[in-house]
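Spelled out from the first residue to the last, the chains are:
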Amino acid sequence: MIVVTGASGQLGQLVVEGLVDRVPAAQIAVVVRDPAKAVRFGELGVEVRVADYNEPSTLADAFREGEKVLLISGSEVGQRVPQHKAVIDAAKAANVALLGYTSILGGPAADFELAREHQITERYLIDSGLPYVLLRNGWYHENYTGALGQVLANGGVLTSAVEGAKIASATRADFAAAAVAVLTTEGHENREYELSGDHAWTYEEYAAEVSRQLGKEVAVNRVPAEQHREILVGAGVPDPFAAILVGVEDAISRGLLAVQTGDLSKLIGRPTTPIAQSITEGLQAAQA
């Protein structure tokens, strides 16, 4: 069996869909907190197991000996370390064959706050003695194209990164395809993959492509870090998370999300999705 935790999230759903295309549904199980969000998986013939990262006792029966498990990192920043440790402990107790973890590009070299919980999880997983594979995901195209409605409303792309800083992003579907590849093929035990897009782009290039597709000028609104944080808080982003997002912009300025190894395209067997394609889809959704 191949088991996907956090399967009802955006990345998890794409992973399960990719697995169903590659292996019989009866060989796939999902671990979710809310079974109502996994009805579609059950209809496909996927086994649904209910457990909660925040309640370690519920994870006791989530895994079986010899299974391959994908731990998709939790979405609750600040609470992820105990959640991830609970999953790893349960997987070790079950003697799973492989545990994959969706981490962050750069691993130990990523010195910004958003990476800290990933780094602690990586070390805990490695020290656990379980066979592992680290999928160090870069930034998603959708982190930008999903906010194109705001860009259109505000007339510009907001950033505190320095001019010329690059981002080697890819789509969620690209990263999901990489997870599917390591779960359905052999030879990935105790490997670490740095996953990023084939092309690194700047905010100026991003705004130019949006402008080209939209048929009108979209600017890059570059502001100091503290002002960026204030704008985010004013828009309803909780202050601690606003600080984390601004910290990511600083990491972008220092080239930490522009790393390109080719690992992602090699795993998925095709080029990563161009940002222009995701902009097209984002604009269609924003204008619908």
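Residues numbered from 1 in each chain as written. Predicted model: local features only at pLDDT ≥ 70, side-chain atom pairs only at ≥ 80, totals over all residues. Heavy atoms only, no water.

(A) Representation of the nonpolar core within the structure. Residues Val4, Val15, Leu19, Leu70, Leu135 and Leu195 are the most contacted members of the largest nonpolar core, which totals 34 residues. For this core, the secondary structure elements donating two or more residues are β1 (2–5), α1 (10–22), β2 (28–32), β6 (132–137), α7 (172–184), β9 (191–195) and α11 (263–268). Broken down by element, this core gets its largest block of residues, seven residues, from α7. Filtering out sequence-adjacent residues up to four positions away, leucine 135 remains in contact with Leu70, Tyr101, Thr102, Ser103, Ala179, Val182, Tyr193 and Leu195. Val157, Ile167, Ile244 and Ile279 belong to the second-largest nonpolar core, a separate cluster that totals 29 residues. (Core = buried A, V, L, I, M, F, W, Y, C linked by side-chain atoms within 4.5 Å. Buried < 20%, exposed > 50% of the residue type's maximum accessible area, 1.4 Å probe, protein only. Helix = DSSP H or I, 4+ residues; strand = E, 2+ residues; numbered from the N terminus. Contact = heavy atoms within 4.5 Å.)

(B) Highlighting helix α3 (residues 80–94). Taking 1.5 Å as the rise per residue, α3 with 15 residues should run 21 Å; its terminal C-alpha atoms sit 21 Å apart, in good agreement. Those residues of α3 not exposed but buried are Arg80, Val81, Gln83, His84, Ala86, Val87, Ile88, Ala90, Ala91 and Ala94. Those residues of α3 that are buried are in contact with β1, β4 (68–71), β5 (98–104) and α4 (113–128). Asparagine 95, located one to two residues past α3, shows a positive phi value of around 60 degrees. (Expected span 1.5 Å × (residues − 1).)

(C) Quick look at α4. If you check α4, its first and last C-alpha atoms are 24 Å apart, about what 16 residues at 1.5 Å a residue would give, namely 22 Å. When we look at burial in α4, the residues that qualify are Leu114, Ala115, Glu117, His118, Thr121, Glu122, Leu125 and Ser128. Buried residues of α4 fall within an arc of 155 degrees about the axis and therefore sit on the same side. Where α4 is buried, its residues touch α3, β5, β6 and α10 (239–253). Glycine 129 occupies a position one or two residues after α4 and carries a positive phi of about 85 degrees. (Arc of directions from axis to C-beta.)

(D) Focus on the side chain of threonine 202. Note on placement: threonine 202 falls in strand β10 (residues 201–202). Beyond its immediate stretch of four places on either side in the chain, threonine 202 contacts Gly164, Ala165 and Lys166.

(E) Layout of the pattern of salt bridges. Per the stated rule, a full pass over the model turns up 18 salt bridges. Residue glutamate 122 pairs with arginine 136 through a salt bridge whose shortest N-O separation is 2.7 Å. Here arginine 136 lies in strand β6 and glutamate 122 lies in helix α4, a separation of 14 residues in the sequence. Here glutamate 122 matches arginine 136 in class, with each residue buried. One salt bridge in this structure joins aspartate 174 and arginine 270, with 2.9 Å as the shortest N-O distance. Taken together, the residues aspartate 174 in helix α7 and arginine 270 in the loop between α11 and α12 (275–287) connect sequence positions 96 residues apart. Using a relative accessible area of 0% as the deciding quantity, one classes aspartate 174 as buried. One network of salt bridges, in which partners are shared, links Glu47, Arg49, Arg64 and Glu67. (Salt bridge = Lys/Arg side-chain N within 4 Å of Asp/Glu carboxyl O.)

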